[in-house]
Amino acid sequence: MTDWIDIAALDDIPQRGARVVKTRAGCVAVFRTAADEVFALENSCPHKQGPLAEGIVHGSAVTCPLHNWVISLETGLVQGNDEGQVATYPARVEGGRILLDTTFLQARSAA
Amino acid sequence: MTQNIIVIGAGMASGRALEHLFDAGADVNVTLFNAEPRGNYNRIMLSPVLAGDKTYEEIVTHDADWYEANGVTCRFGERVASVDRTAKTVTAENGDVLPYDKLIFGTGSNPFMIPLPGHDLDGVIAYRDLEDTELMMSMGPQNKVVVIGGGLLGLEAAAGMAARGVDVTVVHIMGHLMERQLDEAAGYLLRKALVDKGITVLCQANSKEILGEDGKVKALLLDDGTELPCDLLVMAVGIRPNVALAQEAGLAVGKGIHVDDQMVTSDENILAVGECVEHNGAIFGLVAPLYDQAKVAAQTILGDEAAFVQKELSTKLKVTGCDLFSAGDFADAEGREDIVFRDPGRGVYRRLVIEDNVVVGTVMYGDTADSNWFFGLIRDKTDIAEMRDRVIFGPAYQGGAPVDPLAAVAALPRDAEICGCNGICKGTIVDAIEGGATDLTAVKAVTKASASCGTCTGLVEQVLAVTLGDDFVMPAAQSICGCTDLTHEDVRRMIKSQELKSMDAVWQECGWKTRDGCHVCRPALNYYLIADWPLEYLDDPQSRFINERKHANIQKDGTFSVVPRMWGGITTPDELRAIADAADKYDVPTVKVTGGQRIDLLGVKGEDLPAIWADLNDAGMVSGHAYSKGLRTVKTCVGTDHCRFGTQDSTGLGIKLEKALWGSWTPHKLKLGVSGCPRNCAEATCKDIGVVCVDSGYQVGIGGAAGMDVKEVERLIDVETEEETIIVIKAMTQLYRENAKYLDRIYKWMNKVGLDWIRERIADPEERDRLAARFDLSQTVYQKDPWAEHAQKKAAIYRPVANLTLEAAE
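Parameters and conventions
- Residues numbered from 1 in each chain as written.
- Chains lettered and ligands numbered in written order.
- Predicted model: local features only at pLDDT ≥ 70, side-chain atom pairs only at ≥ 80, totals over all residues.
- Helix = DSSP H or I, 4+ residues; strand = E, 2+ residues; numbered from the N terminus.
- Buried ≥ 20, exposed ≤ 12 C-beta atoms within 10 Å, placed from the backbone.
- Contact = placed C-beta atoms within 7 Å.
- Nonpolar A, V, L, I, M, F, W, Y, C, P; charged D, E, K, R; others polar.
- Pairing = 2+ DSSP bridges.
- Axes fitted to C-alpha atoms, helices over the stretch in contact; angles between N-to-C directions.
- Expected span 1.5 Å × (residues − 1).
- Core = buried A, V, L, I, M, F, W, Y, C linked by C-beta atoms within 7 Å.
- Parallel < 35°, antiparallel > 145°, perpendicular 65-115°, else oblique.
- pLDDT = per-residue confidence, 0-100.
- Left-handed = near helix turned anticlockwise from the far one by under 90°.

Enquirer: Which parts of the structure should I look at to understand the overall build of chain A?
Expert: A count of helical and extended segments in chain A gives 1 helix and 10 strands. Secondary structure elements of chain A occur, N-terminal to C-terminal, as β-β-β-β-β-β-β-β-β-β-α. Residues classed as buried in chain A amount to 45% of the 111 residues present. Nonlocal contacts in chain A, meaning residues at least 24 apart in sequence, comprise 42% of its contacts between residues at least 6 apart.

Written out as structure tokens, the structure reads:
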């Protein structure tokens, strides 16, 4: 079952940028690409917990600001020679609004 | 049996025919007559001789040794009086009668002299032989010359003399230059290039009369009344085959001496080659068909089967800096279509004339690198239906195996220009390499090739590779990142030359392989665009590293550090109180004094940044840019204010410099220091730019560092006043901004371009002022406090876009 909630307008996040959503279990980074795709990921790099929302967004990936690990926004997988994976959450855009699925966000906080 | 062969005229065609005969080991006894008092030389190279690029000795094709070795009886400076075909004899001017088995006419052509009144005055010449060339070479900057005729030869004569500083005017009767080889558009570009060389070009100009004084030319009068004063008048309006002797001998003659496919005239024992010939109604002025004729004539004499076939011809102009090429037929006609490529910004023009999907003609101007490929399409009558949509872009865009650039370089002649800035030809570079200059640096040092703008570096490396073969290791050009094969230098050149003013334009024009770059190339491109187009380009925060996007230094725990500016390291009790209050208010865990003489508040939460900045702004402080690839600090000592050794007001100068430079973006961080005396308490000699004050003024050094590498500055310049110091440093900063690779500190960049190159620019007062002016212009846009701007207008982006902790609690 899904439970989509409206968290913000698409335009609240710059293209090739990200903003943070605060949850009880910590921060989720919501990314917007140049093609207006939206992705939600744990805001923490598997390497040294760098805040991914502060990274440079390119294609459908983000580079962590601390040590330049590159993470796929689609899969959460670390790219290149490094290894690891970031949790990803369902996100979509409808009528210019960004929707996140609270079921998943809550499941995450329970975990 | 030995054949007696008499050759009349030592030109390029007859010379080549003799070479073929001797190479084939023909059993012949040759007598060579020449009206000019010399042997065979490469007449088409007279233009480079005129321009001073070559000497006469370099263009001689056969010297006395060659004639002797081949048993040629040379009768140079002697004309042939008559030919008796029945007796098969030739009578020389002095009455000698010589028998022949075969007679070869190589009498060439005569320049056509327009029979204007005054054409027989002294100083009215054609452009035909060495004597003409020498006369033109005797002209200098004090002379005026008029050239009648805007064709190939006339323009080469004009350009050659212009290169010697002569004031040259070209008078051309048609609407555009070289109308037989070029269309109007290319003619226009050529005219523009010649005018840029200082040549005056008059088209649609009718000559009326040549005016003289004491039997010597004085001016050319046009029919519109214009009088063009001149010391020399060169007529280069065309040539006529020289047929007089053949006509007297009773040979069949039209425009030229009639020959068949074997180069035999109407008399089976007489052949003719070169410009004196008429074959199937055509006469010949370019060298390629003349050489073909020479070969056929030699084979005919040897008794071999051979036939002369007229081929498509192409033309190149031998004028430095005017690259043009034309081939085939490009007149408008029914059933013909054009494909035209035009880039006026680069001065490139390319036109293909197509008939039934076959290229029948081409005109190229500006970029003729692919001319041989296009010529091949014409010659081979290639069906271009398949590649019609991209044929105009040349061989690199046709798919299939890429053209090997090394093969192209290997095929270049010795006189092909490699380095345009210094006019260095391939031959010079090859000689240098064979003389021991086996890498780029050495070639640069010996020949100056690629030592100016550097654009030809790749070509020079290819010449090295071709010349040295396996001994050469091509240094791998480091591309910016995986998104492109281009280097920083390539891209920067593109941004400037193609006027690329947006990130999208760079990606498109430079063929980026990724949709929107990556964390490596985007900050670099953003910097280059800011530096090169301060007024046009809009800074892109999303292409900046977080520190520059949020104007604070990110720490390992995701918090930030905040450093307000303290001009020249000077502060006040009020500022210190405001800093202390801010540290309390925002629970700043660490307060540290930095090496740049200011205070760092470490551990500020991202959300609190706009608020702490607003508080510091209220106390009169602005961002210290401690996070930027830009001006960081100007470290000072107390100078004459308090110090008993100080020679100048180092603190005051430091503050002025910081106030002039703050806010500017540079390729890497930029740290300055000003010391009040050579004791150097401000450690100015290990800064990117350091000033050491002395009694007589200010010593400015550059290229210091105290990071991963420790470097002492090298002296750039000594100046006397504070004002001059500030201008020098602004200019120096701008030079660095405009030329260095992103993330190169000054010392790294200096190692690449050389201190001398930097010094020359900064030492030149005009260049220095221009650089400083461009720096000031950029500062009108970028010298602003980002803290104030963000605290007032962009505070929202520092907060979470949504807070679900509250909702979940409900």
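There is more to say after this.
Enquirer: Can you help me understand the overall build of chain B in this one?
Expert: Of the regular secondary structure elements, chain B holds 28 helices and 39 strands. Here the analysis covers contacts within chain B between residues at least 6 apart in sequence; of these, 62% occur between residues at least 24 apart.

Enquirer: What is the right way to read the interface of chain B and chain A from this model?
Expert: By convention, interface size is frequently given as the accessible area that disappears when the constituent parts associate. At the interface, 21 residues of chain B touch 28 residues of chain A. Ranked by residues supplied to the side of chain B that touches chain A, first place goes to helix α28 (residues 804-809) of chain B with 3 residues. Looking at the side of chain B that touches chain A residue by residue, the class counts come to 9 nonpolar, 8 polar and 4 charged. Where strand β2 (residues 17-23) of chain A and strand β39 (residues 802-803) of chain B come together, 2 bridges link them in parallel fashion. Each bridged residue has a counterpart across the sheet, and for A:Val21 the counterpart in β39(B) is B:Ala802.

Enquirer: Hey, could you run me through the sheet that holds strand β15 (residues 227-229) of chain B in this one?
Expert: The pairing of strands in a sheet happens through backbone hydrogen bonds and is either parallel or antiparallel. Residues and elements named next belong to chain B. Strands sit in the order β13-β14-β15 across an open sheet of 3 strands; the sheet is antiparallel. Edge positions in the sheet fall to β13 (207-213) and β15, since each of these pairs with one other strand and no more. Looking at each pair of strands side by side, their axes are set apart by 30 degrees on average, direction ignored.

Enquirer: Hey, could you run me through the environment of B:Val588 in this one?
Expert: All names here are of chain B. Among the secondary structure elements, Val588 is positioned in the loop between α19 (573-585) and β30 (590-593). For Val588, a count of 22 C-beta atoms within 10 Å translates into the label buried. As a C-alpha pair, Val588 and Leu602 span 14 residues in sequence and 6.3 Å in three-dimensional space.

Enquirer: Would you mind showing me how to read helix α14 (residues 457-468) of chain B here?
Expert: Structural remark: α-helix, 3.6 residues per turn; residues separated by three or four positions point the same way. Residues and elements named next belong to chain B. Counted at 1.5 Å a residue, the expected span for α14 with its 12 residues is 16 Å, and the 16 Å between its end C-alpha atoms agrees. Taken residue by residue, α14 has Leu459, Val460, Gln462, Val463, Leu464 and Thr467 as its buried positions. Just beyond α14, the residue with positive phi is Gly469, at close to 65 degrees.

Enquirer: Help me understand the nonpolar core in this model?
Expert: Across soluble globular proteins, nonpolar side chains show a tendency to be buried alongside one another. In terms of nonpolar packing, the biggest core is built from 64 residues, with B:Val147, B:Leu233 and B:Val234 touching the most fellow members. Per element, the largest residue contribution to this core is 8 residues, and it comes from helix α6 (residues 152-163) of chain B. Counting 58 residues, the second-largest nonpolar core is a separate cluster that includes A:Cys45, A:Leu52, A:Ala61 and A:Ile98.

Enquirer: Help me understand the sheet that holds strand β3 (residues 73-76) of chain B, please; the structure alone is not making it clear to me.
Expert: All names here are of chain B. The 5 strands lie next to each other as β3-β2-β1-β7-β19, forming an open sheet whose pairing is parallel. Both edges of this open sheet fall to β3 and β19 (270-272), since each of them pairs with a single strand only. Between one strand axis and the next, the sheet turns by 15 degrees as a mean value, whatever way the strands run. Pairing of strand β2 (residues 28-34) with β3, which is carried by 4 bridges, proceeds in the parallel orientation. Residue pairing across strands places Leu32 opposite Cys74, the latter belonging to β3.

Enquirer: Which parts of the structure should I look at to understand the pairing of β13(B)?
Expert: Each regular strand shows side chains that alternate between the opposite faces of the sheet. Residues and elements named next belong to chain B. Where β13 and strand β14 (residues 216-222) come together, 6 bridges link them in antiparallel fashion. Within β14, the position partnered with Ser207 by the bridge is Leu222. Counting the residues in the hairpin turn of β13 and β14 gives 2 residues, including Asp214, whose phi is positive at 50 degrees.

Enquirer: What exactly am I supposed to notice about the packing of helix α23 (residues 722-739) of chain B against helix α26 (residues 765-782) of chain B here?
Expert: If you want to describe how two helices pack, look at the angle between their axes and the distance between the axes. All names here are of chain B. Orientation of α23 relative to α26, taken along the N-to-C sense of each, is 75 degrees, at an axis distance of 8 Å. Accordingly, the angle class assigned to the pair α23 and α26 is roughly perpendicular. On α26, the residues touching Ile727, Val728, Lys730, Ala731, Thr733, Gln734 and Leu735 of α23 are Arg768, Leu771, Ala772, Arg774 and Phe775. Partitioning the contact of α23 with α26 into residue classes produces 7 nonpolar, 2 polar and 3 charged.

Enquirer: It is not clear to me how unusual backbone geometry should be interpreted in this structure. Could you clarify?
Expert: Leaving glycine out, the prevailing phi sign among residues is negative, and the prevailing peptide bond configuration is trans. Within the chain, A:Asp36 stands out as a residue other than glycine whose phi angle is a positive 65 degrees. With respect to the element layout, A:Asp36 can be found in the loop between β3 (26-32) and β4 (38-42). Taking the C-beta count within 10 Å as the criterion, A:Asp36 has 12 such neighbours and is therefore assigned exposed. If you check the backbone angles, B:Asp587 has positive phi at about 50 degrees while not being a glycine.

Enquirer: Sorry if this is basic, but what is going on with the confidence of the model for chain B here?
Expert: It should be kept in mind that the predicted coordinates are not to be read in detail where pLDDT is low. Looking at chain B, pLDDT values average 89 and 96% of them are 70 or higher. Scored by ipTM, the complex comes to 0.94, with pTM at 0.54.

Enquirer: Looking at this model, I keep getting lost on the packing of helix α12 (residues 426-434) of chain B against α14(B). Mind explaining?
Expert: Residue and element names in this part refer to chain B. At a closest axis distance of 10 Å, the pairing of α12 and α14 adopts a crossing angle of 55 degrees. With respect to α14, the element α12 is oriented oblique. For the crossing formed where α12 meets α14, the hand is right-handed. Contacts from Lys426, Ile429, Val430 and Ile433 in α12 reach Val460, Val463, Leu464, Thr467 and Leu468 in α14.

Enquirer: In this structure, what is going on with the environment of A:Pro65? I would like to understand it.
Expert: Relative to the helices and strands, A:Pro65 resides in the loop between β6 (61-63) and β7 (70-72). Using a count of 23 C-beta atoms within 10 Å as the deciding quantity, one classes A:Pro65 as buried. A:Pro65 sits 12 residues away from A:Ala53 along the chain, and the two C-alpha atoms are 8.7 Å apart. Filtering out sequence-adjacent residues up to four positions away, A:Pro65 remains in contact with A:Gly50, A:Pro51, A:Glu54, A:Gly55, B:Phe545, B:Ile546 and B:Ile554.

Enquirer: Is there a simple way to explain the environment of B:Leu135 in this structure?
Expert: Residues and elements named next belong to chain B. Along the polypeptide, Leu135 turns up in helix α5 (residues 130-137). The partly exposed category is assigned to Leu135, around which 15 C-beta atoms lie within 10 Å. Taking C-alpha positions, Leu135 is 8.6 Å from Leu232, a pair spaced 97 residues apart along the chain. Apart from residues no more than four positions distant in its own chain, Leu135 is found in contact with Ile125 and Leu232.

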